[in-house]
Amino acid sequence: MTAPVRFPRFFVTSPAPCPYLPGRSERKVFTELKGPHADSLNDALGRIGFRRSQTVAYRPSCLDCNACISVRVVAGEFAPSGTQKRLLKRNGDLVATVCRPWSTSEQFDLLQRYLAVRHPEGGMTAMDEVDFADMVEHTPVTSYVIEYREPSSDGITPGRLVGACLTDRQCDGLSMIYSFYDPHHDRQGLGTYIILDHIDRATDMGLAYVYLGYWVEGAPRMQYKVRFRPMEKLGRAGWERI
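Every value quoted in this text rests on a predicted model; they were computed, and no experiment measured them.

### So, the environment of leucine 45
Its place among the elements puts leucine 45 in helix α1 (residues 38–46). A relative accessible area of 5% places leucine 45 in the buried class. Along the primary structure leucine 45 and tyrosine 58 are separated by 13 residues, whereas in three dimensions their C-alpha atoms are 8.7 Å apart. Not counting chain neighbours up to four residues away, the residues in contact with leucine 45 comprise Phe10, Thr31, Leu33, Phe50 and Ala57.

The structure is reproduced here in structure tokens:
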């Protein structure tokens, strides 16, 4: 006898200071991802603007603000700009490896360096190695870590880790859960390169989109997301081109 399908229960967090817009508060609605249908639930929720964090799917549900907008790149139609083409060529020697979602000390050290420069006031700076392991390894869905390394001198031993991205495979695209890179490296545009690589991967896999999470107009650290066109945003009537 087939087990009955259980619909998810949703919960709402208490208001907290908004990390993107000063003077505003944020509130989130969330549900737990678990069981044999976790992948399909994550797919369905991703299409209506939810993001995954460990075993939870969430989206903003603020009472007085709707600034957080879900965005995704239309991978099959993407054409890199001149600057992006040069960046792809300049970093084309990096070795990208798809790894199982298992954290390493090397990844954690890279994350710490990235946060110290890019997000020194962010809440993630308080993470320790156990917290990082939870972020990477506690996943009920199809996910992996893509590592980006410099080429090694002997072609055998792994080169230096310069970037990484925790990525979910969804039925219609790749969802970039969190990416980070060496902020002190003399290579420019590592963060952009990681997104461009995901667009190429999605296209090669026959997937339509690369989900970039939320875009907040007016938030400086979010503006890089709209450099990848064509892009769609989620509105009241569904997904529409920006």
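The rest of the description comes next.
### Concerning empty space enclosed by the protein
Per the counting criterion, the structure on display carries three cavities of 30 Å³ or more. Within this model, the largest cavity holds a volume of roughly 60 Å³. Counting only elements with at least two residues in the lining of the largest cavity, the list comes to β7 (68–74) and β12 (209–216). At three residues, β12 tops the list of elements feeding residues into the lining of the largest cavity.

### Quick word on the sheet that holds strand β6 (residues 56–60)
The strand order β1-β4-β6-β5 describes an open sheet built from four strands, whose pairing is antiparallel. Where the open sheet ends on each side, the last strands, each with one partner, are β1 (11–12) and β5 (51–53). Note that strand β4 (residues 28–32) and β6 share five bridges and pair antiparallel. Within β6, the residue paired with glutamate 32 across the bridge is valine 56.

### Section: the nonpolar core
Formed by 52 residues in total, the largest nonpolar core has its most connected members in Val73, Leu111, Phe132, Phe180, Ile199, Leu212 and Phe228. Ranked by the residues each element gives to this core, the list is headed by helix α5 (residues 190–204), at seven residues. Val29, Leu33, Leu41 and Leu45 belong to the second largest nonpolar core, which has six residues in total.

### Regarding the pairing of strand β11 (residues 173–181)
When you tally the buried positions in β11, you get eight out of nine residues, the bulk of the element. With seven bridges joining them, strand β10 (residues 161–169) and β11 adopt antiparallel strand pairing. Each bridged residue has a counterpart across the sheet, and for glycine 163 the counterpart in β11 is tyrosine 181. Here β10 hands over to β11 after three residues, the two strands then running antiparallel side by side. Where β11 lies against β12, three bridges are found, and the strand directions are parallel. Directly across from leucine 174, in β12, lies its bridge partner valine 210. Handedness of the β-α-β unit built from β11, α5 and β12 comes out right-handed.

### Some words on the side chain of serine 70
As for its position among the elements, serine 70 is in strand β7. On the accessibility criterion, serine 70 (8% relative accessible area) is buried. Only 3.4 Å separates the side chain of serine 70 from the backbone oxygen of glycine 49, close enough to count as a polar contact. Once you skip the residues sitting within four places of it in the chain, serine 70 turns out to touch Gly49, Gly213, Tyr214, Glu232, Lys233, Leu234 and Trp239.

Parameters and conventions
Residues numbered from 1 in each chain as written. Predicted model: local features only at pLDDT ≥ 70, side-chain atom pairs only at ≥ 80, totals over all residues. Heavy atoms only, no water. Helix = DSSP H or I, 4+ residues; strand = E, 2+ residues; numbered from the N terminus. Buried < 20%, exposed > 50% of the residue type's maximum accessible area, 1.4 Å probe, protein only. Contact = heavy atoms within 4.5 Å. 1 Å grid on protein atoms, 1.4 Å probe; cavity = no way out; pocket = protein on both sides within 12 Å on 5 of 7 lines; lining within 4 Å. Points joined across faces, edges and corners; volume = space filled by probe spheres on them. Pairing = 2+ DSSP bridges. Core = buried A, V, L, I, M, F, W, Y, C linked by side-chain atoms within 4.5 Å. Right-handed = clockwise from strand over helix to strand, strands pointing away. Polar contact = N/O pair within 3.5 Å; in protein donor to acceptor, adjacent residues only side chain to side chain.

Remember that the coordinates give geometry; whether it matters functionally is a separate question.
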